[in-house]
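Residue-level listing of the chains:
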Amino acid sequence: MKIEKIEFIFADLPLVRPFQTSFSTQTVRHLVVVKAHTNIGIGWSECVAMAEPLYSSEYLAGCVDVIKTFFLPALKQAGDFQVSEISKILGPFLGHPMAKAALETACLDAQLKSEKRSFAEFFGATRTKVDCGVSVGISSSIEKLEEEVAGYIAEGYQRIKLKIQPGWDIKPVGRIRELYPNTLMQVDANQAYTRADIGHLLQLDQFDLLLNEQPLHEHDIVGHAKLAAKSKTPVCLDESIISLQTAQDAIELKATSVINIKPGRVGGYLESRAIHDFCKEIGIPVWCGGMLESGIGRAANVALAALDGFKLPGDTSASNRYYKRDITEPFVMKNGQLDVPKKPGIGVDIDEDFLNSIAQKRDEVKL
Ligand code: OSB
Ligand code: MG
């Protein structure tokens, strides 16, 4: 295929409630939607980077810049390319997995639409529905947290992930565990602790958690291995895993025994599938993370989560957990599950009128 033109649509989608983590409080999802015009048709994706480099080193404006300045000229020079060749063509450019993923995903959508195949079919998905978990932000009080969690439980979420940080950990987690003794629960600190906190983190072992997600800095693989050696709660890496290689290394070093796969963070869906395949082979469970995606990214994530090795409910929540109105048809949860899109490509339609009505800025590159 060949890219003829890329449009970047910058839009802000307000969240239904603020989402506080150890690194920021988000009240809107700043979106960059990518519309790729190719010789075989149009493909869509969203870039999952945040506006600021707080979760990882990437940020939205930087992603658009690296795509325009380096990635598109390289793809143009490559001539007619296959989607499976994109990561190799862009390989000389270090880092920037979220920017690479956005470009690759839009091309994959165009290709699969032209072949009338869905993402799920292309991945080799074995399920038609996926189990939903929900990621619950840090609250202003334990009472507010109880209220929010009660709402999610009533809606049918199958797993609760509590965001934690120093000063907001043992107490809130203990209270939610007390209220819901049988609910699947896990925690995520987004790197907020250090090796000096290992003793403190071991107190979480009393709550029978599924996993402890990325408690330490993304580069502290040895620290995670030290924690994992002492902890009954499985350690799960998120930010540290940026490729199949880093996943293999972290597993071999016993720094992680569960992996959160976020396609943007690892450079795309093809790398995600490779990590899934490797982990399935060696019996390491994986689950699908999220970046508060709009329906565009959510559709592809749900298709990925339908693969057999995704053993735990993902942060693949219903659209209404995030947005009053989405830019695609909404994902609606039934019995704690979302349907895997069946239509070609990402399998959802973009509401271009609505997207255009909230668009704040556009940029385009003709090749
Ligand atoms: O660490 O998993 C994370 C959201 C933004 C950035 C990082 C993370 C998250 C979430 C929410 O936990 C996942 C979601 O519901 O999309
Ligand atoms: Mg995380």
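Fair warning: this is a prediction, and the values are worked out from it, not measured in the lab. (Residues numbered from 1 in each chain as written. Chains lettered and ligands numbered in written order. Predicted model: local features only at pLDDT ≥ 70, side-chain atom pairs only at ≥ 80, totals over all residues. Heavy atoms only, no water.)

This next bit is on the environment of Leu 216. Here Leu 216 shows up in the loop between strand E8 (212–213) and helix H8 (221–230). Under the relative-accessibility criterion, Leu 216 is labelled buried at 0%. Spatially, the C-alpha atom of Leu 216 lies 39 Å from that of Phe 81, the residues being 135 residues apart in sequence. Setting aside its immediate chain neighbours within four residues, Leu 216 contacts Gln 191, Tyr 193, Thr 194, Arg 195, Leu 201, Gly 223 and His 224. (Helix = DSSP H or I, 4+ residues; strand = E, 2+ residues; numbered from the N terminus. Buried < 20%, exposed > 50% of the residue type's maximum accessible area, 1.4 Å probe, protein only. Contact = heavy atoms within 4.5 Å.)

Here we take up the domain arrangement of the protein chain. Partitioning the protein chain into domains gives domain 1 (3–116 + 351–366) and domain 2 (121–339). A C-alpha centroid distance of 23 Å is found between domain 1 and domain 2. Taken together, the 34 residues of domain 1 in the interface contact 41 residues of domain 2. A buried area of about 3,100 Å², summed over both sides, lies between domain 1 and domain 2, and 65% of it is on carbon and sulfur atoms. Taken as a group, Phe 19, Ser 22 and Tyr 55 account for 21% of the area that domain 1 buries against domain 2, more than any other trio of residues on that side. At the junction of domain 1 with domain 2, the criterion picks out two salt bridges. Measuring nitrogen to oxygen at the nearest pair gives 3.0 Å for the salt bridge that ties Arg 325 to Asp 351. Here domain 1 and domain 2 share 13 residue pairs in polar contact (both at pLDDT 80 or more) between them. Those elements that place two or more of their residues in the side of domain 1 that touches domain 2 are strand E1 (3–20), strand E2 (25–38), strand E3 (41–47), helix H3 (97–115) and helix H12 (352–358). Here the residues of the side of domain 1 that touches domain 2 sort into 21 nonpolar, seven polar and six charged. (Domains from an automatic or database assignment. Buried area = accessible area lost by both parts, 1.4 Å probe. Salt bridge = Lys/Arg side-chain N within 4 Å of Asp/Glu carboxyl O. Polar contact = N/O pair within 3.5 Å; in protein donor to acceptor, adjacent residues only side chain to side chain. Nonpolar A, V, L, I, M, F, W, Y, C, P; charged D, E, K, R; others polar.)

Looking now at the site of ligand 1. Surrounding ligand 1, one finds 16 residues, the nearest of these being Ser 135, Asn 190, Lys 262, Leu 292 and Tyr 322. A distance of 3.2 Å separates an oxygen atom of ligand 1 from a polar side-chain atom of Asp 238. The backbone of Leu 292 places a nitrogen or oxygen atom 2.8 Å from an oxygen atom of ligand 1. In the complex, 100% of the free accessible area of ligand 1, which totals 390 Å², lies under the protein chains. Across the shell around ligand 1, the residue classes break down as six nonpolar, three polar and seven charged. Residue assignment places the shell around ligand 1 across two domains, with domain 1 (3–116 + 351–366) and domain 2 (121–339) each supplying three or more. (Near = heavy atom within 4 Å. Areas by Shrake-Rupley, 256 points an atom, 1.4 Å probe, with all protein chains shown as cover.)

With distances of 2.1 to 2.2 Å, the protein atoms coordinating the magnesium ion (ligand 2) are Asp 188 (OD), Glu 213 (OE) and Asp 238 (OD). Here the donor residues for the magnesium ion (ligand 2) map to a single chain with the spacing D-x24-E-x24-D. Of this pair, Asp 188 sits in strand E7 (residues 184–188) while Asp 238 sits in the loop between strand E9 (235–237) and helix H9 (244–252), and the two are 50 residues apart along the sequence. By relative accessible area, Asp 238 is classed as buried at 0%. (Donors = N, O, S within 2.8 Å, 3.2 Å for Na, K, Ca; no water.)

In this section: the pairing of strand E6 (residues 159–163). In terms of residue burial, E6 counts as a mostly covered element, since five of its five residues are buried. Of the strand pairs in this sheet, strand E5 (residues 133–136) and E6 are connected by four bridges, and their pairing is parallel. Residue Gly 133 lies in a different strand from E6, and its bridge partner there is Arg 159. Between the parallel elements E5 and E6, the chain passes through helix H5 (residues 142–155) in a crossover that is right-handed. One ladder, built from five bridges, connects E6 with E7; its direction is parallel. In the strand pairing of E7, Lys 161 is matched with Gln 186. Each parallel crossover has a hand, and for E6 linked through helix H6 (residues 170–179) to E7 it is right-handed. (Pairing = 2+ DSSP bridges. Right-handed = clockwise from strand over helix to strand, strands pointing away.)

Sheets are built from strands that pair by backbone hydrogen bonding, the pairs being arranged parallel or antiparallel. Spatially, the four strands line up as an open sheet ordered E3-E2-E1-E13, and their pairing is antiparallel. The sheet is open, and its two edges are formed by E3 and strand E13 (359–366), each paired on a single side. This sheet shows a mean twist of 20° between the axes of neighbouring strands, independent of strand direction. Running at roughly 160° to E1, helix H1 (residues 60–78) makes contact with E1, E2, E3 and E13 of the sheet. In this fold helix H11 (residues 295–305) packs onto E2 and E3, with an angle of close to 95° to the strand it touches most, E3. (Axes fitted to C-alpha atoms, helices over the stretch in contact; angles between N-to-C directions.)

The sheet built from seven strands is open, its strands ordered E5-E6-E7-E8-E9-E10-E11 with parallel pairing. The outermost strands of the open sheet, each flanked by one partner alone, are E5 and strand E11 (286–288).

Here we come to the pairing of E3. In terms of burial, E3 is largely enclosed, as five of its seven residues are buried. Relative to E3, E2 runs antiparallel, the two sharing seven bridges. Within the sheet, the bridge partner assigned to Lys 35 lies in E3 and is Trp 44. Hairpin geometry of E2 and E3 is characterised by an intervening segment of two residues between the two adjacent antiparallel strands.

Next up on the list: the packing of aromatic side chains. Counted by the stated rule, this structure contains nine aromatic pairs. Residues Phe 119 and Tyr 269 carry aromatic rings whose centres are separated by 6.0 Å and whose planes lie at 80° to one another, so their mutual orientation is edge-to-face. Taken together, the positions of Phe 119 in helix H4 (residues 119–123) and Tyr 269 in helix H10 (residues 269–282) put the pair 150 residues apart, joining distant regions of the chain. Judged by its relative accessible area of 1%, Phe 119 is buried. Every member of this aromatic cluster is reached through a ring pair, and the members are Phe 119, Phe 122, Phe 123 and Tyr 269. (Phe/Tyr/Trp six-rings, centres within 6.5 Å; stacked < 30°, edge-to-face > 60°.)

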